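# Understanding the architecture of this molecule
One-letter residues, chain by chain:
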Amino acid sequence: MNAAPAARQAADFALELRDVSKRFGSLEALAGIEMRVGPGERRAVLGSNGAGKTTLFNCITGDFAPTTGAIRFFGEDVTAFPAQERIRRGLRRTYQISLLFAGLSVIDNVYIACRGVSRGRFSFRRVRRSDALMQTAEDLVRMVHLDDAMQTKVSDLSYGQQRQLEIAMALSGAPRFILFDEPAAGLSPTERADLVALLTGLPGHVGFIIIEHDMDVALRVADRVTMMHNGRIFKEGRPAEIEDDPEVQALYLGGGHA
Amino acid sequence: MVAVDRTSAAERPRGTLDRVPPAYWVVGVLLLVLPAFVSPFILFQIMGWSFVLGLIALSLTFLGGYGGMVSLAQMTFAGLAGYLVAIFGDSAVDTISQGWPWWAVIPLALILTVLFATLVGWLAVRTEGIYTIVITLAIAAAFFYFTRQNYDIFNGFQGFNSVLPPHLFGVDWRGGVAFYYLSLFWAAAGYFLVLYLARAPFGLALQGVRDNPRRMAALGYNVTAHRVAAYALAGLIAGVGGILLTWQSSQISPGTIAIGPAIDILVIAVVGGLRHPIGAFIGALIYVLLKIFAVDVLVALGLSGERFQLLIGLGFLVIVFFSPDGILGLWDKLRASMRRDPLTGRDRSDLP
């Protein structure tokens, strides 16, 4: 993975959301979201179901446009950009429900992800195993421990393996900022430990936001935590502050959690 | 870990000659020596026509099977290429036909067809599923009525006759053997192009667009541009088929591109199996055999010969009901069930 050009890192924030809101008819999914995430910062977004976490991700990646507000990515206003333009600038995401190419093999899925952020998306030249991009894709597959399933069709993978593949695809190219949507959901304890090791082991310049219900995972990988409720941000702070906050404890952590 | 890697690389099918499955050699040699054994009628009417219709259906297989877009305008693209060859080249209608040389006419016809297909694609990719079918059907119908009513360019319902291939290398390319090899060459070229592209970044991305367009955008792809490019390429394949079709019947008229023939292309592709490029040619062969011989069989059974369309329709119904992946899908199912042990239901090939 090559580091992003230093000049582009000069922006104050990797991601800056100003007064972002999203309405679906009469439902206000997001309201007045203000969020600033620095380059290389790791942020956890917590909140109950329906708090607007995934909608927030969809607005950031351009899956749908926010009703109001502006989104800046490394200082550049990307609010009007289609999804692929944001991705080409170094933004990545994983999906809560696996959105993989079920008919293709593991390596082909990762290869498509690598090709999407490089030149030659329309190339008619057949892919060879010796291609540099194919080598990169194989390295990514190894990184998420799917070496043995390299040629397996995605529809034949276990759930946990599909989650790992999602992460490999998010790491393709030279990501500068990644959005992880519940990457640990449904994983076994061992797989969770692997995931935490993978997230904490990411290169220092790669920042991310992680949506996670598993507090252990979220608080271990994050520098800061944002709490969401009913489409609004109601608390932001360091993991320790959030954990000790009585309001947060009452709402989400339950009495016994420490 | 490295050892594991090497084996998985060795198992991977490659384009090199030694990796070509034996069935390809057998079919290839059979097709090449066929003219030594059968009559020119079979070569020209059955095999030649099957290759040409198969090539047009292949353009739909490419769009539908790899891109997930079902277009009913493929016969329109083919017909446009045929019309353009008649208009710019030679035909019996010398008031319209320009009589330009073939080396200018054929590239020009194909370029204009690709441009038209790109335009249609640009319109059609804004829609999904049934709406794509409706839009392309509307375009096919509009083009059909336009050619039938326009006398200045398309010569109305009569169209053009005596549209003949050039006598290149002193060969009459409408002769049974010559046309057989001509159509076989282009059918094979189209087939291998589609197979090859399936493993190129363009084809892989197209399959990604089919499986999950939203995810493709989230990986940095311009989904619309990819779909439009697929239409352009499918237009090229259909265009080559259309020129051959015009040469084979030596004429092009609105009847060639009517709604019926447009739907026949869909039937051919689906009967063969939309997910397999070879399916287009198998479907075309079945269609041609039915079209030529069903009449005789029906008359022999004391039924009216016009009922052959009914046979095709019934066959289509059966296929769609029992095997959405066409004849080749049936074959795959049959092979899988033969391999399975009837008692345990396990795959027999796994046993020692």
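Everything in this summary refers to the structure shown in the same document. Nothing here was measured: the structure is a model prediction, and the numbers come from that model.

Let us look at the overall build of chain B. Helix and strand counts for chain B come out as 14 helices and two strands. Overall, the C-alpha framework of chain B stretches about 70 × 55 × 40 Å when taken along its three principal axes. Relative to its 352 residues, chain B shows a buried fraction of 49%. Excluding contacts between residues fewer than 6 apart, the proportion of contacts in chain B whose partners are at least 24 apart in sequence is 73%. Taking the average location of the 21 positive side-chain charges in chain B and that of its 17 negative ones, the two points are 10 Å from each other.

This part covers the overall build of chain A. What chain A contains, in helices and strands, is nine helices and 10 strands. Rg of the C-alpha trace for chain A: 18 Å, near the compact-globule value of 18 Å for 258 residues, within the 12% margin. With respect to the principal axes defined by its C-alpha atoms, chain A has extents near 55 × 40 × 40 Å. Counting the 258 residues in chain A, one finds 53% classified as buried. Relative to all contacts within chain A whose residues are 6 or more apart in sequence, the contacts with residues 24 or more apart total 67%. Only carbon and sulfur atoms are counted for the fraction: they give 49% of the accessible area of chain A, which is about 10500 Å². Looking at charge distribution, chain A has the averaged site of its 31 positive side-chain charges lying 8 Å from that of its 32 negative ones.

So, about the interface of chain A and chain B. The figure often quoted for interface size is the accessible area lost as the parts come together. On the chain B side, the residues contacting the 40 residues of chain A number 34 residues. Across the chain A to chain B interface the summed buried area is about 3400 Å²; carbon plus sulfur atoms make up 57%. Three residues, Phe124(A), Arg126(A) and Arg129(A), lead the burial of chain A against chain B; their summed loss comes to 22% of the area buried on that side. Here Arg199(B) makes a salt bridge to Asp108(A), at a shortest N to O gap of 2.7 Å. Every element with two or more residues in the side of chain A that touches chain B is listed here: α2 (83-88), α3 (106-116), α4 (132-143) and α5 (159-170) of chain A. Looking at the side of chain A that touches chain B, the element that brings in the most residues is α3(A), giving six residues. Residues belonging to the side of chain A that touches chain B are distributed by class as follows: 18 nonpolar, seven polar and 15 charged.

All right, on to the pairing of strand β3 (residues 42-46) of chain A then. Residue and element names in this part refer to chain A. Extensive coverage of β3 is indicated by the burial of five of its five residues. Taking every second residue as pointing to the same face, both faces of β3 are buried, with Arg-42, Ala-44 and Leu-46 on one and Arg-43 and Val-45 on the other. In the sheet, β3 pairs with strand β8 (residues 207-211) via four bridges, with the strands oriented parallel. Within the sheet, the bridge partner assigned to Arg-42 lies in β8 and is Phe-208. Where β3 meets strand β9 (residues 224-229), four bridges bridge the pair, whose relative direction is parallel. Counterpart to Arg-43 in the pairing with β9 is Arg-224.

Let us look at the sheet that holds strand β6 (residues 91-93) of chain A. All names here are of chain A. Taken in spatial order, the six strands of this open sheet run β6-β7-β8-β3-β9-β10, and their pairing is mixed. Edge positions in the sheet fall to β6 and β10 (232-237), since each of these pairs with one other strand and no more. With direction set aside, neighbouring strand axes in the sheet form an average angle of 20°.

The next point concerns helix α12 (residues 277-300) of chain B. All names here are of chain B. Over its 24 residues, α12 extends 35 Å from the first C-alpha to the last, a length consistent with the 34 Å expected when each residue adds 1.5 Å. Of all the bends in α12, the largest measures some 45° and sits at Phe-293. Here α12 has its buried residues at Pro-277, Gly-279, Ala-280, Phe-281, Gly-283, Ala-284, Tyr-287, Val-288, Ala-294 and Leu-298. In this structure, the buried side of α12 is in contact with α3 (40-66), α7 (176-198), α11 (259-272), α13 (308-322) and α14 (326-339). A positive phi of about 85° marks Gly-302, the residue just after α12.

Definitions and cut-offs
- In every chain, residue numbers begin from 1 and rise along the written sequence.
- Chain letters start at A and ligand numbers start at 1, both assigned in the order the entries are written.
- Residue-level local features of this predicted model are given only where pLDDT is at least 70; pairs of side-chain atoms are given and counted only at 80 or more, and the full residue set underlies all totals for whole chains, interfaces and linings.
- Hydrogens are left out, water is left out, and the side-chain values use all remaining heavy atoms of the structure.
- The helix count covers DSSP runs of H or I at least four residues long, the strand count covers runs of E at least two residues long, and both are numbered beginning at the N terminus.
- Summary of the burial criterion: residues with accessible area below 20% of their type's maximum are buried, those above 50% are exposed, and those between are partly exposed, where the area comes from a 1.4 Å probe applied to protein chains only.
- Any pair of residues with heavy atoms lying within 4.5 Å of one another is described as a contacting pair.
- The positive count covers Lys and Arg only, the negative count covers Asp and Glu only, and His and the chain ends enter neither.
- The location of each charge is read from NZ of Lys, CZ of Arg, CG of Asp or CD of Glu.
- Just to be clear, the radius of gyration here is over C-alpha atoms, and the globule rule we use is 2.2 Å times residues to the power 0.38.
- Residue burial considers only the protein chains on display, and all accessible areas are found by Shrake-Rupley using a 1.4 Å probe.
- By buried area we mean how much accessible surface two parts lose on assembly, using a 1.4 Å probe and totalling the loss over both.
- Salt bridges are defined as contacts in which a side-chain nitrogen from Lys or Arg sits within 4 Å of a carboxyl oxygen from Asp or Glu.
- Classification used: nonpolar for Ala, Val, Leu, Ile, Met, Phe, Trp, Tyr, Cys and Pro, charged for Asp, Glu, Lys and Arg, polar for all others including Gly.
- Note: two strands are recorded as paired if DSSP finds a minimum of 2 bridges between them.
- An axis is simply a line fitted to the C-alpha atoms; with a helix, the fit covers only the stretch in contact. Between two such axes, the angle follows the N-to-C directions and lies from 0 to 180 degrees.
- What a helix is expected to span follows from its residue count: subtract one and scale by 1.5 Å.
- Values of bend correspond, residue by residue, to the angle between axes fitted over the seven residues ending at that residue and the seven starting there.

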